[in-house]
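Read off the chains here:
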Amino acid sequence: MSQFLENLKSNLEDRNIEIVFPEGTDPRILTAAVELAETTYVRPIVLGDESGIKALAEKEGLDISKLEMIDPATYEDKQVLADEFVKRRKGKVTSDQALEILNDVNYLGTMLVYTGRAQGLVSGAVHSTPDTVRPALQIIKTKPGVTRTSGVFFMLRGDELYVMGDCAINPELNAEEMAEVAVEAAKTAKSFKMDPRVALLSFSTRGSAKTEETEKVKLATQYAKEKLPEVPIDGELQFDAAFVPGVAEKKAPDSELKGRANVFIFPSLEAGNIGYKIAQRLGGFEAYGPILQGLNQPVNDLSRGCSKDEVFNLALFTATQALTQDDA
Ligand SMILES: CC(C)(COP(=O)(O)OP(=O)(O)OC[C@H]1O[C@@H](n2cnc3c(N)ncnc32)[C@H](O)[C@@H]1OP(=O)(O)O)[C@@H](O)C(=O)NCCC(=O)NCCS
Ligand SMILES: CC(=O)OP(=O)(O)O
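Bear in mind that the values here come from a model prediction, so they are computed numbers and not experimental data.

1. Considerations on the site of ligand 2
All residues adjacent to ligand 2 are Thr129, Phe153, Asn273, Tyr276, Lys277, Pro290, Ser303 and Arg304. At a separation of 3.0 Å, an oxygen atom of ligand 2 approaches a polar side-chain atom of Asn273. Within the contact set of ligand 2, an oxygen atom lies 2.7 Å away from a side-chain nitrogen or oxygen of Arg304. Protein coverage of the free-state accessible area of ligand 2, which is 260 Å², stands at 87%. For the shell around ligand 2, the leading source of residues is helix H12 (residues 269–281), giving three residues. The residue inventory of the shell around ligand 2, partitioned by class, reads three nonpolar, three polar and two charged.

2. Looking at the confidence of the model for the chain
Of the residues in the chain, 99% have a pLDDT of 70 or more, and the chain-wide mean is 95. Here the predicted complex carries an ipTM of 0.96, next to a pTM of 0.95.

3. Some words on the pairing of strand E5 (residues 150–157)
Among the eight residues in E5, seven count as buried, and that is most of the element. The pairing of E5 with strand E6 (residues 160–165) spans five bridges and is antiparallel. If you follow Leu156 over to E6, its bridge partner there is Leu161.

4. Thoughts on the packing of aromatic side chains
The way to describe two aromatic rings as a pair is by their centre distance and the angle between their planes. Throughout the structure, instances matching the rule amount to 15 aromatic pairs. Between the aromatic rings of Phe154 and Phe317, the centroid separation amounts to 5.1 Å while the plane-to-plane angle is 45 degrees, which identifies the pairing as tilted. One end of the pair, Phe154, is in strand E5; the other, Phe317, is in helix H13 (residues 308–324), and 163 residues separate them in sequence. These aromatic residues form a ring-pair network of at least three members: Phe4, Phe154, Phe192, Tyr288 and Phe317.

5. Looking at the side chain of Glu184
With respect to the element layout, Glu184 can be found in helix H8 (residues 175–191). Here Glu184 falls in the buried class, since its relative accessible area comes to 9%. For Glu184, the contacting residues outside a window of four places in its chain are Val146, Gln293 and Gly294.

Calculation criteria
- Residues numbered from 1 in each chain as written.
- Chains lettered and ligands numbered in written order.
- Predicted model: local features only at pLDDT ≥ 70, side-chain atom pairs only at ≥ 80, totals over all residues.
- Heavy atoms only, no water.
- Near = heavy atom within 4 Å.
- Polar contact = N/O pair within 3.5 Å; in protein donor to acceptor, adjacent residues only side chain to side chain.
- Areas by Shrake-Rupley, 256 points an atom, 1.4 Å probe, with all protein chains shown as cover.
- Helix = DSSP H or I, 4+ residues; strand = E, 2+ residues; numbered from the N terminus.
- Nonpolar A, V, L, I, M, F, W, Y, C, P; charged D, E, K, R; others polar.
- pLDDT = per-residue confidence, 0-100.
- Buried < 20%, exposed > 50% of the residue type's maximum accessible area, 1.4 Å probe, protein only.
- Pairing = 2+ DSSP bridges.
- Phe/Tyr/Trp six-rings, centres within 6.5 Å; stacked < 30°, edge-to-face > 60°.
- Contact = heavy atoms within 4.5 Å.

Given below as structure tokens:
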């Protein structure tokens, strides 16, 4: 276990942060929830068809006696949550539609967070990213001053730790939006006690190519530096110029990152999602996320390819965000 994960655990000791797991009928989720219920870091609340969860527990030999379970079909407070949902959606749904929508575990779970019955949510082992995050975009919404949420991964290999984004949310980013991802990623890294050194990535370094795409990254770098002058930020850089000191010396000798970036901002979702999966599957990194940044409360997605250990650890990240939410 890396020192970073050990530190997350020791900061969460005795905190018992309530985290909702909408996908209680998935074996990886249920196993991780049972393991978390044995800790004092997180108190899991598991959603799903109660008989399905019990059958799965029996099949997997899991003791679910310490789990709080909510079956959307029979949940007694559903009408209360539906009324809150109608208010939050401001005329976009009727009361009947709200009750129907709350049969969806991701909507129900997100409403539990919004109404303060839980402090965070982890989902996406079964559902796609759009189905997982849409309720959060509609209900939790972004913090004042943040226009768009974005998704970063914490990439861990031994004691190596990097942040990569946006790997999950925004199919297209203009220069202002890319700058916002960089600024939020620096803040996310800081909230996990990293010292961010941010590279805005491109296929070009210091104008080695000049296209609409490279100009966008150049402009995004300028905006990000203006917003966060105290953080080392540089772009447009190719990955090697951002990460390998010897290459940085050749391609960008003036770079304040000096080839030692630890927060990598991709110019598009295609690059970001493909890039993190290559680092994970070919590079042997553990990938935790996508962690949604800039939201009012922590809601985090999983890859459908996740393991039960990734579920367990993403819950630690989510609980940490819940603890540090007000400092961000
Ligand atoms: C994130 C995503 C689902 C949003 O799409 P969508 O639901 O069609 O978005 P809409 O434009 O209909 O907006 C729905 C709501 O979300 C909000 N929203 C959309 N994108 C947002 C963002 N990036 N940040 C904050 N809010 C956002 C909208 O403002 C809107 O709010 P409102 O209903 O209160 O007005 C979509 O951009 C997407 O599919 N992204 C790619 C996800 C993916 O597959 N990633 C790869 C695997 S990780
Ligand atoms: C983050 C991500 O790529 O999610 P999935 O693998 O579920 O599409």
